[in-house]
Number of protein chains: 2
Amino acid sequence: MEKIDQAFLKSFMKAWIQFHRAPHQLKKRADDCLKPSAFILLSILHGEEEPKMLSVSELSKILQVTSPTVTQLVTQLENNNLVERKINPSDRRAILVKLTEQGIQLVDQQRNKFLDSMKGLIEYLGVDESKKLTELMNRTVQYFQQQRS
Amino acid sequence: MEKIDQAFLKSFMKAWIQFHRAPHQLKKRADDCLKPSAFILLSILHGEEEPKMLSVSELSKILQVTSPTVTQLVTQLENNNLVERKINPSDRRAILVKLTEQGIQLVDQQRNKFLDSMKGLIEYLGVDESKKLTELMNRTVQYFQQQRS
DNA sequence: GGTTAATAAATAGGTAGCCTAACTAATTAA
DNA sequence: TTAATTAGTTAGGCTACCTATTTATTAACC
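Since the model is a prediction, treat every value here as computed from it, not as a measurement.

Caption draft 1: How the structure looks around the overall build of chain A. A tally of regular secondary structure across chain A gives seven helices and three strands. Start at the N end of chain A and walk to the C end: the helices and strands fall as α-α-α-β-α-α-β-β-α-α. When burial is assessed residue by residue, chain A has 44% of its 149 residues classed as buried. The contacts in chain A between residues at least 6 apart in sequence include a share of 49% that link residues at least 24 apart. Total accessible area computed for chain A in this model is approximately 8,200 Å², and 48% of it derives from carbon and sulfur atoms. The distance from the centre of the 22 positive side-chain charges to the centre of the 18 negative ones in chain A is 8 Å.

Right, dumping it as structure tokens:
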């Protein structure tokens, strides 16, 4: 096993901490109608190809937060007519969360705004380096997912 | 200017969002005596070589948060005897925040714990890829810093 | 079929991590 | 000397979670 240089460890840690504060800057740039956490939850429901319905439990697993956290967020979004709760016919303990038409439109809008603000960064880094960053971020996420199981 | 592929943009966004939730996992692993934000502030005061004193304004600039945010955090840390407030003799409006001996010891401990938990990730990614990630994280941070000025 | 155990979601109360508005005191500028 | 600016603090509020508990439903067991 390769010995890790202590100085590198420290610089990695510093970069990690600073990088994770980056959403701060991003947040200040966008005229968001959605709180960050709401945007993420709606994006998950939106899916890649077509909207899907997920239970509170499923959402809590994907988001890595507890059910009460999801419940509260869903309640707010339901109040704003962005999602609706459906009873799951095959298990009446569970409820399914579904995007409304309004929710679909809003998350589309917000996605485009987010993507626009990302473009500046990608141009700054260059496309190849951005792809590398994407790959490394995905692998890091995989590492933590693997650690949990 | 190179045209950015829309599908790549989306995968970048997804990786960005997931990666920024990574501290979640990290947090659950460490038996921290310090809140994350406190750890960061103490680390800054600790410096790379020897502890330094910084004003609330300086800390707020480094952390990218408002002064009241720093004030509240410093107050908590002062109550726990981890920092002390000093009047700045060259500008009596300003106060300097200084680590106590106890603060120095605690941040040393917590740093080692944090570094230990980072080692698993670095081994997973490999040292070369970890260095690449560090570089890209630093460049991203630079991009946002540059955008602010 | 009846009872107990497990599970899904919701409710209530709390912490962490910020923000803005307003205020006080000190410093600088006019 | 007065006015403007600056540094820090206080108070109230929002976002984003958490744990403990409760209620209703389902699964397991006898």
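Caption draft 2: Here's a closer look at the sheet that holds strand β1 (residues 54-55) of chain B. Residues and elements named next belong to chain B. As summarised here, the arrangement of the three strands in space is β1-β3-β2, forming an open sheet in which the pairing is antiparallel. Only two strands of the sheet have a single partner each, and these edge strands are β1 and β2 (83-87). Here five bridges tie β2 to strand β3 (residues 95-99), and the two strands are oriented antiparallel to one another. Opposite Lys86, over in β3, you have Leu96 as the bridge partner. Contacts from helix α3 (residues 36-46) reach β1, β2 and β3, with the element oriented near 95 degrees to β3.

Caption draft 3: Representation of the relation of the copies chain A and chain B. Rotating chain A by 180 degrees and moving it 0.0 Å along the rotation axis overlays it on chain B with an RMSD of 0.1 Å. Such values leave the two copies arranged in the relation of a two-fold axis. In terms of C-alpha distance to the rotation axis, chain A has His20 of chain A as its closest residue, with the C-alpha 3.0 Å off the axis. The fraction of interface residues of chain A whose copies in chain B are also interface residues reaches 100%, indicating that both copies meet through the same surface.

Caption draft 4: Seen up close, the sheet that holds strand β1 (residues 54-55) of chain A. Residues and elements named next belong to chain A. Spatial ordering of the open sheet is given by β1-β3-β2, a layout of three strands whose pairing is antiparallel. Pairing within the sheet leaves two strands with one partner each, and these edge strands are β1 and β2 (83-87). Strands β2 and β3 (95-99) of the sheet are contacted by helix α5 (residues 67-79), whose axis makes an angle of about 115 degrees with β2.

Caption draft 5: The arrangement of the protein's contact with DNA strand C in detail. Around DNA strand C, the structure places 24 residues, and the nearest of them are Ser57 and Arg85 of chain A together with Ser37, Thr66 and Thr69 of chain B. Arg92 of chain B places a polar main-chain atom, nitrogen or oxygen, 2.8 Å from a phosphate oxygen of DNA strand C. Residue assignment for the surface near DNA strand C shows that the elements contributing at least two residues are α4 (56-63) and α5 of chain A together with α3 and α5 (67-79) of chain B.

Caption draft 6: Region of interest: the protein's contact with DNA strand D. Residues in contact with DNA strand D amount to 25 residues; listed here are only the nearest, Ser37, Thr66 and Thr69 of chain A together with Ser57 and Arg85 of chain B. Considering the 4 Å shell around the protein, atoms of DNA strand D inside it are sugar or phosphate in 75% of instances. Sorting the residues of the surface near DNA strand D by element identifies α3 (36-46) and α5 of chain A together with α4 (56-63) and α5 of chain B as the ones contributing at least two each. Top element by residues in the surface near DNA strand D is α5 of chain B. It accounts for four residues. For the surface near DNA strand D, a count of residues per class yields seven nonpolar, 11 polar and seven charged.

Caption draft 7: The packing of aromatic side chains, seen in detail. Overall, the coordinates contain 15 aromatic pairs over all chains when judged by the stated rule. Here the aromatic rings of Tyr143 of chain B and Phe144 of chain B are separated by 5.2 Å at their centres, their planes lie at 65 degrees, and the arrangement is edge-to-face. The ring of Phe8 of chain B carries the charged tip of Lys131 of chain A above its face, separated from the ring centre by 5.7 Å.

Caption draft 8: Here's a closer look at the pairing of β3 of chain A. Where β1 of chain A meets β3 of chain A, two bridges bridge the pair, whose relative direction is antiparallel. By the bridge assignment, Ser55 of chain A is partnered in β3 of chain A with Leu96 of chain A.

Caption draft 9: Structural context of the interface of chain A and chain B. The interface is formed by 62 residues belonging to chain A together with 62 residues belonging to chain B. Summing both sides of the interface, chain A and chain B together bury roughly 6,800 Å²; the carbon and sulfur share of this comes to 72%. Connecting chain A to chain B are four salt bridges. Of the charged contacts in the structure, one is a salt bridge between Glu129 of chain B and Arg139 of chain A, with a shortest N-O distance of 3.0 Å. For the interface between chain A and chain B, the tally reads 12 residue pairs in polar contact (both at pLDDT 80 or more). Residue assignment for the side of chain A that touches chain B shows that the elements contributing at least two residues are α1 (6-19), α2 (22-29), α3, α6 (101-125) and α7 (127-148) of chain A. Ranked by the residues each element gives to the side of chain A that touches chain B, the list is headed by α7 of chain A, at 20 residues. Tallied by class, residues from the side of chain A that touches chain B come to 31 nonpolar, 15 polar and 16 charged.

Cut-off values and rules
- Residues numbered from 1 in each chain as written.
- Chains lettered and ligands numbered in written order.
- Predicted model: local features only at pLDDT ≥ 70, side-chain atom pairs only at ≥ 80, totals over all residues.
- Heavy atoms only, no water.
- Helix = DSSP H or I, 4+ residues; strand = E, 2+ residues; numbered from the N terminus.
- Buried < 20%, exposed > 50% of the residue type's maximum accessible area, 1.4 Å probe, protein only.
- Contact = heavy atoms within 4.5 Å.
- Areas by Shrake-Rupley, 256 points an atom, 1.4 Å probe, with all protein chains shown as cover.
- Lys, Arg positive; Asp, Glu negative; His and termini not counted.
- Charge placed at Lys NZ, Arg CZ, Asp CG, Glu CD.
- Pairing = 2+ DSSP bridges.
- Axes fitted to C-alpha atoms, helices over the stretch in contact; angles between N-to-C directions.
- Least-squares fit on C-alpha atoms with pLDDT ≥ 70 in both.
- Near = heavy atom within 4 Å.
- Polar contact = N/O pair within 3.5 Å; in protein donor to acceptor, adjacent residues only side chain to side chain.
- Nonpolar A, V, L, I, M, F, W, Y, C, P; charged D, E, K, R; others polar.
- Phe/Tyr/Trp six-rings, centres within 6.5 Å; stacked < 30°, edge-to-face > 60°.
- Lys NZ or Arg CZ within 6 Å of the ring centre and 35° of its normal.
- Buried area = accessible area lost by both parts, 1.4 Å probe.
- Salt bridge = Lys/Arg side-chain N within 4 Å of Asp/Glu carboxyl O.

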